[in-house]
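# Geometric and topological summary
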Amino acid sequence: NAGVTQTPKFQVLKTGQSMTLQCAQDMNHEYMSWYRQDPGMGLRLIHYSVGAGITDQGEVPNGYNVSRSTTEDFPLRLLSAAPSQTSVYFCASRQRVTGELFFGEGSRLTVL
Amino acid sequence: DAKTTQPPSMDCAEGRAANLPCNHSTISGNEYVYWYRQIHSQGPQYIIHGLKNNETNEMASLIITEDRKSSTLILPHATLRDTAVYYCIGSDSGGYQKVTFGTGTKLQVIP
């Protein structure tokens with residue numbers, strides 16, 4: 001099992017550009033989520049999904065869109081990148097029985 | 001999900017037990033206490049979780065008070081590799097409730 005795979009690992013954008021961070025998991029987990037982590041800070045929940053076709057907002061959803069068309073994939077879209085969105089983004093999936101979260105390696109985004 | 005409170009930082013001598021406290025006074029009856037750690041800038045890693053009984057695994061022990069308002073994560077023999085940020089979280093175990101992280105405790109293991 002690959003676990004949770006995030007791409008790209010690094011990205012530099014200019015203000016106003018859009019992009020999609022990809023997240024895929026091969027553990028058949030229904031729950032998936034996106035977090036951002038700014039330097040020296042904790043993780044903040046952006047969006048989460050409890051199954052295909054179901055998404056909901058987290059703590060800091062503005063400027064981001066998500067969709068969940070399959071169990072495996074949960075992409076995060078930045079509509080119009082801003083310097084304030086410079087951060088490390090983590091995708092996670094959650095096992096139903098134990099509730100344990102499995103994290104990807106992170107995607108480091110810089111917006112100039 | 002329950003709000004948790006942790007000290008921002010702690011030091012521990014290498015080889016000694018590290019005891020990391022967490023207050024979760026608003027935790028509901030069906031919410032578990034989960035502990036994760038984040039080493040440097042990697043993705044957080046699951047350590048242990050429990051409902052009301054004390055739990056132990058190969059990584060750590062979890063002691064939950066009888067009233068469930070607080071808990072302590074114990075690393076029995078801390079090593080330099082245990083230097084990390086430790087997060088305490090209250091959440092359901094069914095995988096349907098959103099999971100939010102606090103600011104955690106930065107544990108520094110000192111040689």
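Residues numbered from 1 in each chain as written. Chains lettered and ligands numbered in written order. Predicted model: local features only at pLDDT ≥ 70, side-chain atom pairs only at ≥ 80, totals over all residues. Heavy atoms only, no water.

A few words on the overall build of chain A. When helices and strands are tallied, chain A shows zero helices and eleven strands. Traced from its N-terminal end to its C-terminal end, chain A shows the element sequence β-β-β-β-β-β-β-β-β-β-β. Its C-alpha atoms give chain A a radius of gyration of 13 Å, within 12% of the compact-globule value 13 Å for 112 residues. Considered along the principal axes of its C-alpha atoms, chain A spans approximately 40 × 25 × 25 Å. Classification of the 112 residues of chain A by burial places 48% in the buried group. Taking contacts inside chain A between residues at least 6 apart in sequence as the whole, the part at least 24 apart equals 51%. Here chain A displays about 5100 Å² of accessible surface, and carbon together with sulfur accounts for 51% of that area. Placing the 9 positive and 9 negative side-chain charges of chain A at their respective mean positions leaves the two points 7 Å apart. (Helix = DSSP H or I, 4+ residues; strand = E, 2+ residues; numbered from the N terminus. Rg over C-alpha atoms; globule rule 2.2 N^0.38 Å. Buried < 20%, exposed > 50% of the residue type's maximum accessible area, 1.4 Å probe, protein only. Contact = heavy atoms within 4.5 Å. Areas by Shrake-Rupley, 256 points an atom, 1.4 Å probe, with all protein chains shown as cover. Lys, Arg positive; Asp, Glu negative; His and termini not counted. Charge placed at Lys NZ, Arg CZ, Asp CG, Glu CD.)

Time to look at the overall build of chain B. Counting secondary structure elements, chain B contains zero helices and nine strands. Reading the secondary structure of chain B in the N-to-C direction produces β-β-β-β-β-β-β-β-β. Relative to its length of 111 residues, chain B is compact, with a C-alpha radius of gyration of 13 Å against a globular reference of 13 Å. For chain B, the C-alpha atoms occupy an extent of roughly 40 × 30 × 25 Å along the three principal directions. Counting only residues that meet the buried cut, chain B has 48% of its 111 residues in that class. Counted over contacts in chain B with a minimum sequence separation of 6, partners at least 24 positions apart contribute 56%. Accessible area for chain B stands at about 5500 Å²; split by element, carbon and sulfur atoms hold 50% of it. Side-chain charges of chain B comprise 9 positive and 10 negative groups, with the mean position of each set lying 4 Å from the other.

Let us look at the nonpolar core. By size, the foremost hydrophobic cluster in this structure holds 21 residues, and its most contacted members are B:L20, B:W35, B:L73, B:L75, B:Y86 and B:L107. Of all the secondary-structure elements, those providing two or more residues to this core are strand 2 (18-23), strand 3 (32-38), strand 4 (45-50), strand 6 (61-64), strand 7 (70-75), strand 8 (84-91) and strand 9 (105-110) of chain B. B:L73 has contacts with B:A18, B:N19, B:L20, B:W35, B:I47, B:I48, B:A60, B:S61 and B:Y86, leaving out every residue within four places of it along the chain. Core analysis: the next-biggest nonpolar cluster, separate from the first, contains 19 residues, A:Y35, B:V85, B:Y87 and B:V99 among them. (Core = buried A, V, L, I, M, F, W, Y, C linked by side-chain atoms within 4.5 Å.)

Time to look at the sheet that holds strand 9 of chain B. Strand pairing in a sheet is mediated by backbone hydrogen bonds. Such pairs are either parallel or antiparallel. All names here are of chain B. Taken in spatial order, the five strands line up as 1-9-8-3-4 in an open sheet, and their pairing is mixed. Both edges of this open sheet fall to strand 1 (9-13) and strand 4, since each of them pairs with a single strand only. On average, each strand axis in the sheet is tilted by 25° relative to the strand beside it, whichever way the strands run. With three bridges connecting them, strand 8 and strand 9 associate as antiparallel partners. Within strand 9, the residue paired with Y86 across the bridge is T105. (Pairing = 2+ DSSP bridges. Axes fitted to C-alpha atoms, helices over the stretch in contact; angles between N-to-C directions.)

Counting residues at the interface gives 23 residues for chain A and 22 residues for chain B. Summed over both sides, the interface between chain A and chain B buries roughly 1800 Å², with carbon and sulfur atoms accounting for 52% of that surface. On the surface where chain A and chain B come into contact, there are one salt bridge. On the surface where chain A and chain B come into contact, there are nine residue pairs in polar contact (both at pLDDT 80 or more). Looking at the side of chain A that touches chain B, the elements that each hand over two or more residues are strand 4 (31-37), strand 5 (43-51), strand 9 (87-94) and strand 10 (101-103) of chain A. (Buried area = accessible area lost by both parts, 1.4 Å probe. Salt bridge = Lys/Arg side-chain N within 4 Å of Asp/Glu carboxyl O. Polar contact = N/O pair within 3.5 Å; in protein donor to acceptor, adjacent residues only side chain to side chain.)

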